[in-house]
Every structure is written in structure tokens, then in C-alpha cells.
Amino acid sequence: MKIADFSYNSPAHRLVFGWGARAALKGELEQLNVHRPMLVCSARAARSREVVDLARSLGLRDESVFSGVGSHSPLRSAYEGWQRARALEADGLISFGGGSASDTMKGIALACAEDGRILDFTLERLPDGSLKNPLSTRAKLPGVAIPTTVSGAEITPAFALTEESGKKILFRDASIAPRLLVYDPELMTSVPARSMSESGMNALAHTIEALYSKAKNPVSRIYAREGLPLLYRGLHAIATGSAQRDDYIALALGAYYAGVSITNARTGLHHSICHKLGPAVGLTHGMTNSIVLPHVLEFNLPAARDELAAVAELIREANVGPSPRTPEDAIAAVRALAQRAGLPSRLRDLNVSRDKLPALVPVILNEPGLAFNPRPVESAAQIAAILDAAW
């Protein structure tokens, strides 16, 4: 097999992984020379026993817990977090929760470094198809991520913040990626099964997109191939109500591999649709992933048969559920996994108005991720057809 030239980027981070790993956080913060951290989470998480115990173990005052994280990481929350961090003279940030917590923490870190000038650093796709990606060169507060779901947002240098209008703005800057990742699968056991399944479908999409992305390389492919069976096994166990400790550990490790894989391979049409669709119609990112993924896989099938055949092989490796043999079987298995988890398969099942979809088409057509999709997206009609099929 011929190996093409490639470059591989790996944001510097330390991973602490294991059941109960959060107990090591205080010592890890000392190694980072962080003494006045601000913890970033949702209001619900702030009331949880896990966060209360964590804050107590670190000696955090109430004001050092910023509970302004909302669904799809509102831009306003990043600004509010910046003001709080500045008032506290925080020397580090800790996110606790899912992708919205991680992305909000990244937005706060950027605002702290650039005196609130977040929007100067947005990632955009220009009319000629090229990407504009201004980078912040100022020093960043060290970030620590404690994920409770498997979105993988805590790993990547990319993040998204959502304006009041529902427009999701993208950013990508390796200097903002968390320096420390604390993966504690025990935390995931308290997350409702449906929420974990939604998050897991997002992670599964990461591994599949990493396998067929135009930006893939041999190293990112290794991580994607390792992560997919682990994710599928764990998601099957949660969907069937049989998840045990080892299944949560598999999920957590699979999520880490998935996040590392897309750090290089990038995401394509699927996430380009989900980034815009979810905030516009009021769905979580995970739920949007679950509904849209099979339709995008069918669209990409002519250009990614070999990669989707590999997906079938990797699902078989999980040794649970169906044993797909063909690329078409792989797509069916992904759809069936979501159905076993009780996730809706159509937008209309969630009372999404069909009238909202046409306005999203030109917005999706300008998404940066389209540059990495294996099948060229050449017209608005192609995107409209996918949205219509998902509805």
C-alpha cells in the first residue's frame, strides 16, 4: 500500500484515565501550577453531589463555580465566564460536563487571553472554498476538562459558540485545547441513558468521519479504528440496559480515541449539518447527530465504499448486535443502534417544523467542514435533499 506524505498535529495534553480518576485532580493542578481555578459547568451540574464534592476537595468558594453553561455553548456565557474569571483573578479553568461545558471553557480561555475579542478569531469558509482561521497568539489560562459524556469536545482544538440568533460560530486554535484531561468513567454512570446515547452517537460519527475525511492520515486512522468498536460496544450495552463498569470504561476510552482522530482528520458534511441544524431547531447536538448520520452516510456511500466497509468490519469487532458485512449493512447497523437506544429517527418525531429547513441550506453550504467531505457537495439541492430525508 502506498503511503502519501502527511503531517500530524497533536495538541499537548496529559491524560489521567480510570475509575475514580477525579480524585487525582488536586495534585494534577499543583503540577500545572494552578492555585485559583474557576470551575465551569451547567446550573444542574453545579447542584450535583459530584461537583459539590469536587469543589470542596479543591477548596473552591461558591463564586469560583461558574454555572452559566447552556445547551450549544451560548456566546454570552463565554463573555460572562470571562468577566467572572477576571474578577476572581483565576489562573486556570476546569470544565465539568459534556461538550457544551468544554466549548464554553475554551471560549472563556480565548476571551481571557484577548480581552473579550472572541469574534476576531472565527473560522470561516471563504467564497473560493478556502478556510480563514485567524489564531490567537497570547498566552492562555491552562484548561482542565472532566468530561461526563463522550462528545470528545474536550480533546480537540476546535469549538463552537452560539449567538442569540441561533447561529453557531466555529473556532479552531490548538493553544486553547485543554492541557489536562481527566477521564473518570464512574462519572458517566450517573448520566441518563438517553443523554449518554445521544452523546455516543456524536462520538461514533467522529470515528466514521475520521475514517473517510479528505484530511485523514495513517495516525488518525489508527485512533478511529481503535475507537469505533469500543464506542459501539458501550452504546449497545447502554441501549439494552446491560451496561456494566467495563462498558463505561470502553465508552470513555473510545471517546478519547475518537476525539484524537478528528483533531487531525477533521469532520465533514455530517457535522457541518449538525452544527447549524441543532441550534436552529432546538435539538441537542447529540440528538441531531443521531438523526442525521445515516442520511449523510448514504450520501457519501459512492465516494467512501471502502471506508464504510471498514466500519462494518469494526462493528463486527465489537461482537454485539448485528454483524454487518457490507457498507450498506454498516449504515443499517448505525441506524439500528440509535433505534435500540430509543432515539427518534426523524426530525418530525420531535415536532421540528419542515418550514425551518430551507433557510439552513445556504448556511450549511458555507460550513468549513465541507472541504473535508469525501464526496464533493456541489449544490444546495444536495443538502436540501438530506435535510428532507431526515425530516
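Right above here is the structure, for reference.
Each value, and the rule that gives it
- Residues numbered from 1 in each chain as written.
- Predicted model: local features only at pLDDT ≥ 70, side-chain atom pairs only at ≥ 80, totals over all residues.
- Heavy atoms only, no water.
- Pairing = 2+ DSSP bridges.
- Helix = DSSP H or I, 4+ residues; strand = E, 2+ residues; numbered from the N terminus.
- Axes fitted to C-alpha atoms, helices over the stretch in contact; angles between N-to-C directions.
- Contact = heavy atoms within 4.5 Å.
- Core = buried A, V, L, I, M, F, W, Y, C linked by side-chain atoms within 4.5 Å.
- Buried < 20%, exposed > 50% of the residue type's maximum accessible area, 1.4 Å probe, protein only.
- Parallel < 35°, antiparallel > 145°, perpendicular 65-115°, else oblique.
- Left-handed = near helix turned anticlockwise from the far one by under 90°.
- Nonpolar A, V, L, I, M, F, W, Y, C, P; charged D, E, K, R; others polar.
- Salt bridge = Lys/Arg side-chain N within 4 Å of Asp/Glu carboxyl O.
- Phe/Tyr/Trp six-rings, centres within 6.5 Å; stacked < 30°, edge-to-face > 60°.

Bringing the sheet that holds strand β3 (residues 65-69) into the picture now. Judged by pairing direction, the sheet is parallel, and its 6 strands sit side by side in the order β1-β10-β7-β4-β2-β3 without closing on themselves. In this open sheet, the two edge strands, each paired with only one partner strand, are β1 (14-17) and β3. Neighbouring strand axes in the sheet, compared pairwise and without regard to direction, differ in orientation by 20° on average. Judged from the 5 bridges that link them, strand β4 (residues 92-97) and strand β7 (residues 143-147) form a sheet pairing that is parallel. Residue pairing for β7: Leu-93 is matched across the bridge by Gly-143. Most of the contacts of helix α4 (residues 75-88) go to β3, to which it runs at about 170°, and overall it touches β2 (37-42), β3 and β4.

Another aspect to go through is the nonpolar core. In this structure, Ile-208, Ile-273, Leu-277, Leu-347 and Leu-387 are the most contacted members of the largest nonpolar core, which totals 74 residues. Here the element with the most residues in this core is helix α9 (residues 245-265); it accounts for 10 residues. Setting aside anything within four residues of it in sequence, one finds Leu-347 in contact with Leu-277, Leu-283, Ile-291, Val-352, Leu-357, Leu-387, Ala-390 and Trp-391.

A word on the environment of Ala-336. Here Ala-336 shows up in helix α13 (residues 327-340). Residue classification places Ala-336 among the partly exposed residues on the basis of a relative accessible area of 22%. A C-alpha to C-alpha distance of 30 Å links Ala-336 and Asp-103, two positions 233 residues apart in sequence.

Turning our attention to the packing of helix α7 (residues 193-212) against α9. In the contact formed by α7 and α9, the axes pass within 8 Å of each other and the chain directions differ by 40°. When the axes of α7 and α9 are compared, the pair comes out oblique. Of the two elements, α7 crosses α9, and the hand of that crossing is left-handed. Of the residues in α9, those touching α7 at Met-196, Ala-203, His-206, Thr-207 and Ala-210 are Leu-251, Ala-258, Ser-261, Ile-262 and Ala-265. Here the contact of α7 with α9 is composed, by residue class, of 7 nonpolar, 3 polar and no charged.

Quick look at the pattern of salt bridges now. Inspection of every chain in the model, using the stated rule, returns 20 salt bridges. We note a salt bridge from Arg-138 to Asp-115, for which the minimum N-O separation is 3.2 Å. One end of the pair, Arg-138, is in the loop between β6 (131-132) and β7; the other, Asp-115, is in the loop between α5 (99-113) and β5 (124-125), with 23 residues separating them in the sequence. When its relative accessible area of 39% is taken as the criterion, Arg-138 is described as partly exposed. Ionic pairing is found between Asp-120 and Arg-117, a salt bridge with its closest N-O pair at 3.7 Å. One continuous salt-bridge network, built from bridges that share partners, spans Glu-114, Asp-115, Arg-117, Asp-120 and Arg-138.

Counted under the stated rule, the structure contains 5 aromatic pairs. When the ring of Phe-17 is compared with that of Tyr-183, the centres are 6.2 Å apart and the planes differ by 25°; the resulting orientation is stacked. With a gap of 166 residues between them, Phe-17 in strand β1 and Tyr-183 in strand β10 (residues 180-183) connect regions that are remote in the sequence. Between Tyr-183 and Tyr-256, the ring centres sit 5.8 Å apart and the planes meet at 85°, which makes this aromatic pair edge-to-face. Taken together, the residues Tyr-183 in strand β10 and Tyr-256 in helix α9 connect sequence positions 73 residues apart.

As a further point, take unusual backbone geometry. In the Ramachandran plot, Arg-266 falls in the positive-phi region, its phi being about 70° despite a non-glycine side chain. Secondary-structure assignment places Arg-266 in the loop between α9 and α10 (269-281). Of note, Asn-351 is a non-glycine position whose phi angle comes to about 60°, a positive value. If you trace the backbone, Asn-351 turns up in the loop between α13 and α14 (360-365).

The next subject is the packing of α10 against helix α11 (residues 285-300). At a closest axis distance of 9 Å, the pairing of α10 and α11 adopts a crossing angle of 145°. The crossing of α10 and α11 is right-handed. Contacts between α10 and α11 involve Leu-269, His-270, His-271, Ile-273, Cys-274, His-275, Leu-277 and Gly-278 from the first element and His-285, Thr-288, Asn-289, Val-292, Leu-293, Val-296 and Phe-299 from the second. Considered class by class, the residues forming the contact of α10 with α11 number 8 nonpolar, 7 polar and no charged.

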